[in-house]
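# Observations on chain architecture
Here are the chains, one letter per residue:
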Amino acid sequence: SQKIEQNSEALNIQEGKTATLTCNYTNYSPAYLQWYRQDPGRGPVFLLLIRENEKEKRKERLKVTFDTTLKQSLFHITASQPADSATYLCALGNSGGYQKVTFGTGTKLQVIP
Amino acid sequence: KAGVTQTPRYLIKTRGQQVTLSCSPISGHRSVSWYQQTPGQGLQFLFEYFSETQRNKGNFPGRFSGRQFSNSRSEMNVSTLELGDSALYLCASSQGRNTDTQYFGPGTRLTVL
């Protein structure tokens, strides 16, 4: 069955460092992958989408890579700030006309001042 | 533009009861997806509606059902509640194409006693 694993339940990092979060998947051939941020008591907020034919995407301090051979995506936050503390979710989507994404369980990032 | 709204925000029910949750999408969005989020299972896809039709369904029992109205508002119903149905129920709206950004509401926290 399809499985999506995010590297750890929690990740602590010092302010100013680069945070790297991992999303691995098995038994899946996604057409695209998304990253979301979720704060306590709130719904997820979309951050970035990367398609299967793209290797890397950037948005401000965020960078996402997608390796379909390794079946892995890496999500980087450079110059991390305490305000980046949140849970980050990866989600995989199939090709097709309608939306159905499968979410990982998330990684809780804590940026320590 | 107003965001996705969900009502009620909190709900307490007892086993065996039924519950109806409501979701109002962003104006102009025709797709509404529903998700269940629990600490153990993460975010799991329930179903997606587009123009009043269910386009896709996750692996949930028939006790979970939904519908969408002509104004794109959607409701989700859970009958014969079980303790394990306690969760955060999130809806997300989008324009409906596969890779369109999903905008999540704040969720309804359902507690089953």
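Positions within a chain are numbered from 1, following the residues in the order the chain's sequence is written. Here every chain gets a letter starting at A, and every ligand a number starting at 1, in the order they are written. Reporting of local features is limited, given that this is a predicted model, to residues whose pLDDT is at least 70; pairs of side-chain atoms are given and counted only at 80 or more, and all residues count toward the totals for whole chains, interfaces and linings. The side-chain quantities take in all heavy atoms of the structure and omit both hydrogens and water.

## Side note on the overall build of chain B
Secondary structure is summarised from DSSP: a helix means a run of H or I of at least four residues, a strand means a run of E of at least two, and numbering begins at the N terminus for each. Looking only at helices and strands, one finds zero helices and 11 strands in chain B. Each helix and strand of chain B, ordered N terminal to C terminal, gives the series β-β-β-β-β-β-β-β-β-β-β. A compact globule built from 113 residues should have a C-alpha radius of gyration of about 13 Å, and chain B, at 13 Å, falls within 12% of that. Dimensions along the principal axes, computed over C-alpha positions, put chain B at roughly 35 × 25 × 25 Å. In this scheme, a residue with accessible area under 20% of its type's maximum is buried, one over 50% is exposed, and one in between is partly exposed, where area comes from a 1.4 Å probe on protein chains only. Counting across all 113 residues of chain B, residues that qualify as buried make up 51%. Every residue pair with non-hydrogen atoms within 4.5 Å of one another is taken to be in contact. Across chain B, contacts joining residues at least 24 apart in sequence account for 54% of those joining residues at least 6 apart. Throughout, the radius of gyration refers to the C-alpha atoms, and the reference size of a globule is 2.2 Å times the residue count to the power 0.38.

## Digging into the overall build of chain A
Within chain A one finds zero helices and 11 strands. Moving toward the C terminus, one meets the helices and strands of chain A in the order β-β-β-β-β-β-β-β-β-β-β. For 113 residues, the compact-globule estimate of 2.2 N^0.38 gives 13 Å, and chain A sits close to it at 14 Å. Taken along its principal axes, the extent of the C-alpha atoms in chain A is 45 × 30 × 20 Å.

## A look at the pattern of salt bridges
All names here are of chain B. In what follows, salt bridge is the name for a side-chain nitrogen of Lys or Arg lying within 4 Å of a carboxyl oxygen of Asp or Glu. Per the counting criterion, the structure on display carries 11 salt bridges over all chains. Between Arg 55 and Glu 48 there is a salt bridge; the shortest N-O distance is 2.7 Å. For Glu 48, a relative accessible area of 0% puts it in the buried group. Where Arg 67 meets Glu 75, a salt bridge forms, and the shortest distance between an N and an O atom there is 3.2 Å. Taking the relative accessible area as the measure of exposure, Arg 67 reaches 47% and is therefore partly exposed. Several salt bridges converge on common partners, so that one network encompasses Arg 63, Glu 82 and Asp 85.

## Digging into the interface of chain B and chain A
Where the parts come together, the accessible area they lose is often given as the size of the interface. Each side of the interface is counted separately: chain B has 25 residues, and chain A has 22 residues. Of the roughly 1,800 Å² buried where chain B meets chain A, counting both sides, 49% is carbon and sulfur surface. Three residues, B:Leu43, B:Asn98 and B:Thr99, lead the burial of chain B against chain A; their summed loss comes to 34% of the area buried on that side. At the junction of chain B and chain A, the tally comes to zero salt bridges. Listed by contribution, the elements that provide at least two residues to the side of chain B that touches chain A are strand E4 (31-38), strand E5 (42-50), strand E6 (53-57) and strand E9 (87-94) of chain B. Simply put, the buried area is the total loss of 1.4 Å probe accessible area from both parts when two parts are fitted together.

## Overview of the state of the cysteines
Residues and elements named next belong to chain A. By convention in this document, the label disulfide applies to cysteine sulfur atom pairs within 2.5 Å. For the structure on display, the rule yields two disulfides over all chains. Between the sulfur of Cys 23 and that of Cys 90 lies a disulfide, 2.1 Å long from S to S. With the S-S bond torsion at 65°, the cross-link from Cys 23 to Cys 90 turns out right-handed. One end of the pair, Cys 23, is in strand E3 (residues 19-26); the other, Cys 90, is in strand E9 (residues 86-93), and 67 residues separate them in sequence. For the pair shown, Cys 23 and Cys 90 are each scored as buried.

## Regarding the packing of aromatic side chains
Only Phe, Tyr and Trp rings take part, Trp by its six-membered ring, and two of them pair if their centres are within 6.5 Å. Stacked means planes under 30 degrees apart, edge-to-face means over 60, and tilted covers everything else. Under the definition given, this model contains 13 aromatic pairs over all chains. Seen from their ring centres, A:Tyr36 and A:Phe46 are 5.8 Å apart, and the 75° between their planes marks the pair as edge-to-face. Of this pair, A:Tyr36 sits in strand E4 (residues 32-38) while A:Phe46 sits in strand E5 (residues 45-51), and the two are 10 residues apart along the sequence. Relative to B:Phe45, the ring of B:Tyr35 has its centre 5.7 Å away and its plane inclined at 70°; by these criteria the two rings are edge-to-face. Of this pair, B:Tyr35 sits in strand E4 while B:Phe45 is found in strand E5, placing the two residues 10 residues apart along the sequence. B:Phe45 matches B:Tyr35 in its accessibility class, with the two residues each being buried. A network of ring pairs unites the aromatic residues A:Tyr36, A:Phe46, A:Phe103, B:Tyr35, B:Phe45 and B:Phe104 as a single cluster. Only when the NZ of Lys or the CZ of Arg is both within 6 Å of the ring centre and within 35 degrees of the ring normal is a charge said to sit over the ring. Above the ring of B:Phe50, the side-chain terminus of B:Arg55 is found at 4.2 Å from the ring centroid.

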